[in-house]
Amino acid sequence: MSLPHLRRLEAEAIHVIREVVATFSNPVVLYSIGKDSSVLLHLAMKAFYPAKPPFPFLHVDTKWKFREMIEFRDRMARELGFDLLVHVNQDGVEQGIGPFTHGSNVHTHVMKTMGLRQALEKYGFDAALAGARRDEEKSRAKERIFSIRSAQHGWDPQRQRPEMWKTYNTRVGQGETMRVFPLSNWTEFDIWQYILREEIPIVPLYFAARRPVVKREGMLIMVDDDRMPIQPEEEVTEQLVRFRTLGCYPLTGAVESDAVTVPEILREMLTVRTSERQSRLIDTDEVGAMEKKKREGYF
Amino acid sequence: MSYVQSIPPHDIEAHLAEHDNKSILRFITCGSVDDGKSTLIGRLLYDAKLVFEDQLANLGRVGSPGTANGKEIDLALLLDGLEAEREQGITIDVAYRYFATSKRKFIVADTPGHEEYTRNMVTGASTADLAIILIDSRQGILQQTRRHSYIASLLGIRHVVLAVNKIDLVDYQQQVYEEIVADYMAFAKELGFASIRPIPISARDGDNVISASTNTPWYRGAALLEYLETVELEPTDEARPFRFPVQMVMRPNADFRGYAGQISCGRISVGDPVAVAKTGQRTSVKAIVTFDGELATAEEGEAVTLVLSDEVDASRGNMLVAPGARPFVADQFQAHVIWFDANPMMPGRSYILRTETDSVSATVTTLKHQVNINSFIREAAKSLQMNEVGVCNISTQAPIAFDAYKDNRATGNFIIVDRVTNATVGAGLIDFPLRRADNVHWHALEVNKSARSAMKNQLPAVLWFTGLSGSGKSTIANELDRILHAQGKHTYLLDGDNVRHGLNRDLGFTEEDRVENIRRVAEVAKLMADAGLIVLVSFISPFRDERRMARELMAEGEFIEIFVDTPLDECARRDPKGLYEKALAGKIANFTGVSSPYEAPENPELHIRTVGHEPTDLALAIEEFLDRRMEDK
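Throughout this description, residue numbers start from 1 for each chain and increase along the sequence as written. Working convention: letters from A go to chains and numbers from 1 go to ligands, in the order in which they are written. Whole-chain, interface and lining totals are the exception, using all residues; otherwise, since this is a predicted model, local features are given only for residues with pLDDT of at least 70 and side-chain atom pairs are given and counted only at 80 or more. For the side-chain quantities, the full set of heavy atoms in the structure was used; hydrogens and water were omitted.

### A short note on the packing of helix α1 (residues 5-23) of chain A against helix α2 (residues 35-47) of chain A
Residue and element names in this part refer to chain A.
Phase 1 of the analysis: Fitting a line to C-alpha atoms yields each axis, with helices limited to the stretch in contact; the angle taken between N-to-C directions then spans 0 to 180 degrees. Secondary structure elements are defined from DSSP: runs of H or I of at least 4 residues count as helices, runs of E of at least 2 residues count as strands, and each element is numbered from the N terminus. At a closest axis distance of 9 Å, the pairing of α1 and α2 adopts a crossing angle of 70 degrees. For the element pair α1 / α2, the angle class is roughly perpendicular. Contacts between α1 and α2 involve Glu 10, Ala 13, Ile 14, Ile 17 and Arg 18 from the former and Leu 40, Leu 43, Ala 44, Lys 46 and Ala 47 from the latter. Here roughly perpendicular refers to angles of 65 to 115 degrees, roughly parallel to angles under 35, roughly antiparallel to angles over 145, and oblique to all remaining angles. Contact between two residues is taken to exist if any of their heavy atoms lie within 4.5 Å; hydrogens are not considered.

Below you can see the structure in the form of structure tokens.
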């Protein structure tokens, strides 16, 4: 009898995480506080047991995350005792970059992509683990588990290394870094099933609750703080909503739902007709958006 | 995408348990460009209602140059996610898709057809159980059909679906289909697949994709999806011997020492005996540690940490194995190699060979033959070009532990990494160890190197002079030789021109021959150093790889790289042999510095600039370096 599906995915991810520690001198986990990051964090705790994960967790804060995400992040770091680094692009803050004033593209580029590049250089990390999955988006479906970035942090899809069996080429040249995606072969459904089975804590925003939202460009945007400008024709209403994916609050749409437990979320997913990234504005702000962002160093 | 189902179950937990225990089929699609691979997967997902609405809507937004005003959805665009792919209308890289039906889970790797991207096809094939090989009904069997079938078979794929596609474009003619199937069966006989299932298909229109088509009444078999759901896979063979490549040693504190890794085959229980592959040491398993508690038994595929009863010497790259059925441990073996890089594979060049957890220096000692992918006939070859497959003898600097690839895909594979670019330039499948590696051990002579050099009152050394033609290598080497000889040292000077008149007179100036030229000289220098001599080697030796190979042949500290650094225009001005004049006139091919590159040393032991200095002074500077080295000893 071969291993059941989730245990196989779990073993593969643990193997990949250990491989990073065995072959890189200064790895880091990019912790974005979402459900995939939570699963990755849990797997990292498993991979080195009885020791703690021998690397820090880095959050690149854009200053526009949901408040509940930041609270959750700090609570997790406290309870699990992992080494949390928070980096903010101060240049961007000084220039007053934000999604409302500069649009999703500029905001994401400056606060996320540039912020990430700054942090990697500041600490000299040579490998960055992250929770990206191939089923999220078409260009992610093409990415390797070990994916090399140039000294300028660029991703060149045509320079990807062939990746056969479990024999990974982890060598990087001067200034180059590696992005590593241990959850590559997981689907959104696998993630939720694993969260259920392992009782992994997640940000409460994933569960349905009455929240103040505005309908904008076909999406339900939550009013998370008073920085959000409300247009005269717009109306803030309380609706029963939850989030399938979490990013910057002005760029992440909520979905109407009454799922308040993980099994209910799983049940809802069996009938859902849209993909999780439908509610991410940054994927669709232009054709090939994700690939372009990744070439510049976004995840 | 895997979870779209029409009726949500009442008992979600029971549904999940069932979901988790479904068997999983990993398959690839392959075949030539434009045979419709991406369209077929797109059609499969679309007809099985496994595509989300926003993703479909997105196809409309993207549009497609090839379809009539966007009326007809181009299903290939569901998979071709890179801009270059959309521009060129081809698949460049593997796309992985995940889906499930009520019967089975699937991971499909949609792999490229274009020959240039064979490496990406191999990426998908290395972990697949089944290959769908597409053939365009109008074209029949093409070179890429053969190449992909051969690689699929080589990589251990057991089952093939022969998808005879675009059957609508040949008016659903049974005869066309039958002829293609007969052609394929005839050549695939040699490839030893466990099963080959032909199906006539139109990926564009959906004939025989998820349900039987009325357009092909003469076809009685299952539609593609039904076949994929029911094809029998070989169960995990529990009788295979235990293999546990050690990934890392966990030592969080003085009381705990565990070996982390993923079980590549077999099973292990607490109390079972194990052996360390490379040393043969035996011990037993004291505990199987996981975050979720200690286990009594663990099996193939599990990532665990093993605690052993005794302190043994097993670090990353070693293997814990069943004592009664051990893997091979050897530094020479035969393997099939698939080459990916634009720079050809050169016998004699030094590469990094990486297994799942081990990494060693390696060279191909012999390229026995390459395989012609049209005829599967073995052909003589001096080097392997991109996308070629060859059978090689490989020598590693230290022994590695392995099984034959046919017995174990995980412990029988390796990749080849270029030392300079770090690119993955080849993939290897080990056939068997070479017996002579086991039986012929280096003869430990009574009178050894230290005895010989002590008698001469000197430290053996290989002084490797590298630099452009005319830089002054031989002049300085000659001068140094004279000085050392006068001091009573035992030396020998190996000069490029002289060696080419004797030992290497069969070699020309192609890249392969230049690699071999250096390899032989380095071996001779090694023997001379072993005899206790100070060897002066004066060779242009333009490539870092070869100089590194020479360095690795010698004992630690014995190789002294001397970069004789003279600017090209100065060398051309000196032109002691009149070669630059000829080369610049285009009369000499592959002339270093003119029509062939020179890779300057990055960290030479000695960097000598000749402009403005006398050869004697430079030779004395090297002599001082040797003196200091002798004193340091």
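Structure shown, so let's carry the discussion forward.
### Brief notes about the sheet that holds strand β8 (residues 219-222) of chain A
Within a beta sheet, neighbouring strands are joined by backbone hydrogen bonds and run either parallel or antiparallel to one another.
Residues and elements named next belong to chain A.
Phase 1 of the analysis: Two strands qualify as a pair provided DSSP detects at least 2 bridges between them. The four strands are arranged β7-β8-β10-β9 in a closed barrel whose pairing can be described as antiparallel. Each strand axis lies, on average, 70 degrees off the axis of its neighbour in the sheet, ignoring direction.
Phase 2 of the analysis: Sheet topology places strand β7 (residues 209-216) next to β8; four bridges connect them, and they run antiparallel. Looking across to β8, one finds that Val 214 is bridged to Ile 221.

### Details of the nonpolar core
Phase 1 of the analysis: We define the nonpolar core as a collection of buried residues of types Ala, Val, Leu, Ile, Met, Phe, Trp, Tyr and Cys that are connected through side-chain atoms lying within 4.5 Å of one another. The cut-offs for exposure are 20% and 50% of the maximum accessible area for each residue type, with area from a 1.4 Å probe on protein chains only; residues under the lower value are buried, those over the upper are exposed, and the others partly exposed. Within the largest apolar cluster, 81 residues are counted, with the highest numbers of intra-cluster contacts made by Val 39, Leu 43, Phe 55, Phe 146, Trp 186 and Trp 192 of chain A.
Phase 2 of the analysis: The element that contributes the greatest number of residues to this core is α1 of chain A, accounting for nine residues.
Phase 3 of the analysis: Throughout the structure description, domain borders are defined by an automatic or database domain assignment. Counting the residues that make up this core, at least three belong to each of domain 1 (2-197 + 286-294) and domain 2 (202-281) of chain A.
Phase 4 of the analysis: Those residues within four positions of Val 39 of chain A in sequence are excluded, and the remaining contacts are Leu 183, Trp 186, Ile 191, Tyr 194, Ile 195 and Ile 200 of chain A.
Phase 5 of the analysis: Within the second largest apolar cluster, 77 residues are counted, among which are Tyr 96, Val 164, Leu 224 and Leu 225 of chain B.

### Re the environment of Phe 539 of chain B
Phase 1 of the analysis: Here Phe 539 of chain B shows up in the loop between β25 (534-538) and α14 (544-553).
Phase 2 of the analysis: Ignoring any residue separated from it by four or fewer positions in sequence, one finds Phe 539 of chain B in contact with Phe 465, Thr 466, Gly 467, Lys 473, Leu 494, Asp 495, Gly 496, Val 499, Asn 517, Ile 518 and Val 521 of chain B.

### Here we look at the confidence of the model for chain B
All names here are of chain B.
Phase 1 of the analysis: Averaged over every residue, the pLDDT of chain B is 86; residues scoring 70 or more account for 89%.
Phase 2 of the analysis: Contacts of residues 1-7 to residues separated by more than four positions or lying in other chains number 29 contacts, the stretch itself having pLDDT below 50.
Phase 3 of the analysis: The score called pLDDT rates the predictor's confidence residue by residue, from a low of 0 to a high of 100. Here residues 61-71 scores under 50 on pLDDT; set against residues more than four positions off or in separate chains, the count is eight contacts.
Phase 4 of the analysis: Reported confidences for the modelled complex are a pTM of 0.77 and an ipTM of 0.89.

### Some points on the pairing of strand β6 (residues 195-200) of chain B
All names here are of chain B.
Phase 1 of the analysis: Sheet topology places strand β5 (residues 159-165) next to β6; six bridges connect them, and they run parallel. The partner of His 159 across the bridge, within β6, is Ser 195.
Phase 2 of the analysis: Orient the strands so they point away from the viewer; a crossover is then right-handed if the path from the first strand over the helix to the second runs clockwise. Tracing the backbone out of β5, into helix α7 (residues 174-188) and back to the parallel element β6 gives a crossover that is right-handed.

### Digging into the environment of Ala 275 of chain B
Residues and elements named next belong to chain B.
Phase 1 of the analysis: Summarising the element assignment, Ala 275 is placed in strand β11 (residues 273-276).
Phase 2 of the analysis: Residues Ala 275 and Thr 145 lie 130 residues apart in sequence; the distance between their C-alpha atoms is 44 Å.
Phase 3 of the analysis: Here Ala 275 is in contact with Gln 281, Arg 282, Met 319, Leu 320, Val 321, Pro 323 and Arg 326, once residues within four sequence places are set aside.

### Considerations on α7 of chain B
Residues and elements named next belong to chain B.
Phase 1 of the analysis: Helix span is expected to be 1.5 Å times the residue number reduced by one. Under the 1.5 Å per step criterion, the end-to-end length of α7 is 21 Å for 15 residues, consistent within 8% with the ideal 21 Å.
Phase 2 of the analysis: Inspection of α7 places Val 176, Tyr 177, Ile 180, Val 181, Tyr 184, Phe 187 and Ala 188 among the buried residues, and these make up the whole buried set. Mapping the buried residues of α7 onto a view down its axis gives an arc of 140 degrees, with all of them on the same face.
Phase 3 of the analysis: Packed against the buried residues of α7 are β4 (130-136), α6 (143-154), β5 and β6. Of all possible arcs, the one meant is that of the directions from the helix axis to the C-beta atoms.

### Thoughts on the sheet that holds strand β8 (residues 248-253) of chain B
All names here are of chain B.
Phase 1 of the analysis: A sheet is described by the order of its strands in space; here seven strands give the open sequence β7-β15-β11-β12-β14-β9-β8, paired in antiparallel fashion. At either margin of the open sheet sits one strand with a lone partner, and together these are β7 (243-245) and β8. Sheet twist, expressed as the average angle between the axes of neighbouring strands with direction ignored, equals 40 degrees.

### Some remarks on α6 of chain B
Residue and element names in this part refer to chain B.
Phase 1 of the analysis: With 12 residues, α6 ought to run about 16 Å at 1.5 Å a step, and its terminal C-alpha atoms sit 16 Å apart, in line with that.
Phase 2 of the analysis: Of the positions making up α6, those classed as buried are Gln 144, Thr 145, Arg 147, His 148, Ser 149, Tyr 150, Ile 151, Ala 152 and Leu 154.
Phase 3 of the analysis: Just past α6, the residue Gly 156 takes up positive phi, approximately 95 degrees.

### Overview of the pattern of salt bridges
A side chain with one charge can pair with a side chain of the opposite charge if their charged atoms come near.
Phase 1 of the analysis: Every case where a carboxyl oxygen of Asp or Glu lies within 4 Å of a side-chain nitrogen of Lys or Arg is listed as a salt bridge. All told, the structure shown has 45 salt bridges over all chains when counted by the stated rule.
Phase 2 of the analysis: Arg 227 of chain A is paired through a salt bridge with Asp 225 of chain A; the nearest N and O atoms lie 3.0 Å apart.
Phase 3 of the analysis: The exposure class of Arg 227 of chain A is partly exposed, given its relative accessible area of 37%.
Phase 4 of the analysis: Via salt bridges that share partners, Glu 10, Lys 46, Arg 197 and Glu 198 of chain A together with Asp 292 of chain B belong to a single interconnected network.

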